[in-house]
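Listed here are the chains, written in short residue letters.
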Amino acid sequence: MFGPREVPLLFERSQPGKRAADLPPLDVPPADPVALYGEALVRTTPPLLPEVSEPELVRHYTALSRRNYGVDTGFYPLGSCTMKYNPKINEDLARLDGFVRIHPLAPVETVQGALELLHRLEAALREITGMDAVSLLPAAGSHGELVGLKIIAAYHRARGERRRKVLVPDSAHGTNPASAAMAGFEAVSVPSDARGLVDLDAYRAALGPDVAAVMLTNPNTLGLFETDILAIVEAAHAAGALVYYDGANLNAILGKSRPGDMGFDVVHVNVHKTFSTPHGGGGPGAGPVGVKAHLEPYLPIPRVVAEKRPDGSVFYRLSEDHPHSIGRVRGFAGSFGVLVRAYAYIRALGAEGLRQVAEDAVLAANYVLSRLKDVYDVPYGGLVKHEFVLSGRRQKARGVRTLDIAKRLMDYGFHPPTIYFPLIVEEALMIEPTETESKETLDAFIAAMRAIAEEAERDPALVRSAPHTTPVGRLDEAKAARQPVLVWRPDRS
Ligand SMILES: *Cc1c(COP(=O)(O)O)cnc(C)c1O
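Residues numbered from 1 in each chain as written. Predicted model: local features only at pLDDT ≥ 70, side-chain atom pairs only at ≥ 80, totals over all residues. Heavy atoms only, no water.

1. A short note on the overall build of the chain
Here is step 1: Each helix and strand in the chain was counted, giving 17 helices and 12 strands.
Here is step 2: Summarising its shape, the C-alpha atoms of the chain cover approximately 75 × 75 × 45 Å along the three principal directions.
Here is step 3: In the chain, which comprises 493 residues, the share counted as buried stands at 46%.
Here is step 4: Long-range pairs, those at least 24 residues apart, make up 71% of the contacts in the chain between residues at least 6 apart in sequence.
Here is step 5: As displayed, the chain has an accessible area near 24,500 Å², and 56% of this comes from carbon and sulfur atoms. (Helix = DSSP H or I, 4+ residues; strand = E, 2+ residues; numbered from the N terminus. Buried < 20%, exposed > 50% of the residue type's maximum accessible area, 1.4 Å probe, protein only. Contact = heavy atoms within 4.5 Å. Areas by Shrake-Rupley, 256 points an atom, 1.4 Å probe, with all protein chains shown as cover.)

2. With respect to the UniProt feature "domain: Aminotransferase class V" (unreviewed entry) in the chain
Here is step 1: As annotated in UniProt, the feature "domain: Aminotransferase class V" (unreviewed entry) corresponds to residues 157-280 in the numbering used here.
Here is step 2: Taken end to end, residues 157-280 is 25% helix and 22% strand, and its two terminal C-alpha atoms sit 36 Å from one another. (UniProt positions renumbered as here; feature names shortened; annotations may be inferred.)

3. Some words on the environment of G392
Here is step 1: Mapped onto the elements of the fold, G392 is located in the loop between β10 (388-391) and α13 (393-396).
Here is step 2: For the pair G392 and D411, spaced 19 residues apart in sequence, the C-alpha separation works out to 18 Å.
Here is step 3: Here G392 is in contact with V400, T402, E426, E427 and L429, once residues within four sequence places are set aside.

4. Considerations on the sheet that holds strand β12 (residues 428-431)
Here is step 1: Here three strands make up an open sheet; going across it, the order is β10-β12-β11 and the pairing antiparallel. Looking at which strands have only one partner, the edges of the open sheet turn out to be β10 and β11 (418-419).
Here is step 2: As judged from the four bridges shared by β10 and β12, these two strands associate in the antiparallel manner. Note on β12: the bridge partner recorded for V389 is M430. (Pairing = 2+ DSSP bridges.)

5. Describing the pattern of salt bridges
Here is step 1: A full pass over the atoms with the stated rule returns 32 salt bridges.
Here is step 2: With a closest N to O distance of 2.9 Å, R450 and D374 form a salt bridge. Residue R450 is found in helix α15 (residues 439-458), and its partner D374 is found in the loop between α12 (336-372) and β10; the two are separated by 76 residues along the sequence.
Here is step 3: Residue classification places R450 among the partly exposed positions, given a relative accessible area of 28%.
Here is step 4: The exposure class of D374 is partly exposed, given its relative accessible area of 46%.
Here is step 5: Where D377 meets R394, a salt bridge forms, and the shortest distance between an N and an O atom there is 3.0 Å. One end of the pair, D377, is in the loop between α12 and β10; the other, R394, is in helix α13, with 17 residues separating them in the sequence.
Here is step 6: By relative accessible area, D377 is classed as buried at 18%. (Salt bridge = Lys/Arg side-chain N within 4 Å of Asp/Glu carboxyl O.)

6. Some thoughts on a nonpolar patch on the surface
Here is step 1: Residues L36, Y37 and L41 make up a contiguous nonpolar surface patch of about 400 Å² in total accessible area.
Here is step 2: Tracing the chain through its elements places L41 in the loop between α2 (33-37) and α3 (54-66). (Patch = residues over 30% accessible without salt bridge, like charges linked within 9 Å, V, L, I, M, F, W, Y side chains within 5 Å.)

7. Concerning the sheet that holds strand β1 (residues 133-135)
Here is step 1: Strand order in this open sheet of seven strands is β1-β7-β6-β5-β4-β2-β3, and the pairing throughout is mixed. On the outer flanks of this sheet lie β1 and β3 (186-190), each paired with one strand and no other. Sheet twist, expressed as the mean angle between neighbouring strand axes with direction ignored, is 25 degrees.
Here is step 2: Looking at chain direction, strand β5 (residues 242-247) and strand β6 (residues 266-269) are connected through four bridges and run parallel. Bridge pairing in β6 links G247 to V269.
Here is step 3: Along the sheet, helix α7 (residues 141-158) makes contact with β2 (165-169), β4 (211-217), β5, β6 and β7 (289-291), crossing β5 at roughly 170 degrees. (Axes fitted to C-alpha atoms, helices over the stretch in contact; angles between N-to-C directions.)

8. What about the site of the ligand?
Here is step 1: Lining the immediate surroundings of the ligand are 14 residues, of which S80, G141, S142, D246 and K273 lie closest.
Here is step 2: Within the side chain of D246, one N or O atom sits 2.6 Å away from a nitrogen atom of the ligand.
Here is step 3: Looking at the shell around the ligand residue by residue, the classes come out as two nonpolar, nine polar and three charged. (Near = heavy atom within 4 Å. Polar contact = N/O pair within 3.5 Å; in protein donor to acceptor, adjacent residues only side chain to side chain. Nonpolar A, V, L, I, M, F, W, Y, C, P; charged D, E, K, R; others polar.)

9. Focus: the pairing of β12
Strand residues, when the strand is regular, have side chains that alternate between the two faces of the sheet.
Here is step 1: The side-chain alternation of β12 yields two buried faces, one formed by A428 and M430 and the other by L429 and I431.
Here is step 2: In this sheet, β12 lies alongside β11 in antiparallel orientation, the contact comprising two bridges. Each residue of the ladder has a partner; that of I419, found in β12, is L429.

10. A few points about α15
Here is step 1: Here α15 is 20 residues long and its end C-alpha atoms lie 28 Å apart, about the 28 Å a rise of 1.5 Å per residue gives.
Here is step 2: Inspection of α15 places L442, F445, I446, A448, M449, I452, A453, E455 and A456 among the buried residues, and these make up the whole buried set. (Expected span 1.5 Å × (residues − 1).)

11. A short note on the nonpolar core
Here is step 1: Core analysis: the largest hydrophobic core is formed by 55 residues, its most contacted members being L125, Y203, V271 and F275.
Here is step 2: Going through the elements one at a time, α6 (112-129), α9 (200-206), β4, α10 (229-238), β5, β6 and α12 are the ones with two or more residues in this core.
Here is step 3: With 11 residues, the top contributor of residues to this core is α12.
Here is step 4: In contact with L125, other than residues within four places in its own chain, are G130, V134, L136, V269, V271, F275, P288 and I346.
Here is step 5: Judged by nonpolar contacts, the second largest core, of 35 residues, contains F388, F421, V425 and L442. (Core = buried A, V, L, I, M, F, W, Y, C linked by side-chain atoms within 4.5 Å.)

12. Focus on α7
Here is step 1: The terminal C-alpha atoms of α7 lie 26 Å apart, and with 18 residues this matches the ideal 26 Å at 1.5 Å per residue to within 8%.
Here is step 2: Burial runs high along α7: 14 of the 18 residues are buried.
Here is step 3: Positioned one or two residues after α7, G160 has a phi angle of 70 degrees, which is positive.

13. Notes on unusual backbone geometry
Here is step 1: A cis amide bond links N218 with the next residue in sequence, P219, at an omega value of -10 degrees.
Here is step 2: Within the secondary structure, P219 sits in the loop between β4 and α10.
Here is step 3: Backbone geometry at T82 places phi at a positive 50 degrees, although glycine is not the residue there.
Here is step 4: By the secondary structure assignment, T82 is in the loop between α3 and α4 (88-94).
Here is step 5: Judged by its relative accessible area of 0%, T82 falls in the buried class.

See the structure below:
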């Protein structure tokens, strides 16, 4: 009735009278819904629920789960997203009763351990980023950007300055200009130069008394470390602007360099990328924000505060008494479970381990790049950090586009990389192997990419019509997003 790769809806499997569970016989008098709720509210036909047996039910959901692809099933080199393997020990620790069975409104004296963990994580992130104070509240990287920009706005307002513009390099993550606009600023794009780095002359020309901040993604979305970073920071400060570090991809520089030491005023980090939390399905995440001392008064509330008691013990509080704060940005104390995972990860690795993360991430990216650069174009060459960007323009000349290459990779069992981003690279393929992959996995991916490059020469139609092995092929994603079919109706054709 159904093809081998098709998973029918449970409703379509339904046969009247089948059951996956037996309920015990009723041993109390049945209630009369009409008497309880009135005629108008009581339905006259039974609900259309699927009727299936237990094995059918189990197989249905197992079949659906096997159509999924994630970091636990395979290599996921989605550039800029850091889809690395997340150690399972983090899950065990985040599920400890003492963490999951507490209530956000519980009196603070009953959740001292949880608050201590947040306090310690703040300290670890201060050390890692080189900043003076950290708020763990933002719920995502982009939320951290918004919070950071609101802090910057509050700073300028307190000094009686009206600065309307935020400079964003054209190699920045798309969330940067969006966050600037949401925070009420005008985002102004700064071009990249031939090296793929910020064009210093254009940048200096764009600075002025109306610029509130400069947002820098480093390494930038080409995977390149901004070599002029000190000059960029200095010029911004000389013009009275603050500098914002988008640290979403901190795994490239962990233990090697710190935004605080480079002179940045604000930084956000994506703990769900760098510090290992499963992500990609829409959350939850966390985007802690670190600031230098001059911006600490503006951090959102509540702040985690540690007080020394006369007996020498430490008591943790959630403090709301910060008159200059930008206010609340998130319910309660943040995405707690994600923060527990981040703390567990940082403590498990320690300073040496975190440095090793950066070294392995950078080594993996340069290894894969070096083995692909003869078959794909590399518009911005040289050493990269944690990721690199290829261009599929050579294959495009054969009628094979980057989208086709990405689809064909699925036939080889890999999640495609980020494609058509950054916008400054034609037919971009943005590849981030991450630090957790073995050489064998990287070699298998390299072999697949090389095979596809060859197919593009020899049999372009094969690549153009991919994928050939997945349950579904090329979906109309725009239509799926705009007209989602979420309700089953029996008259469905
Ligand atoms: C992922 C990412 C963001 C956005 O983070 P979210 O948690 O997805 O909101 C911002 N900047 C860069 C460079 C990123 O890679």
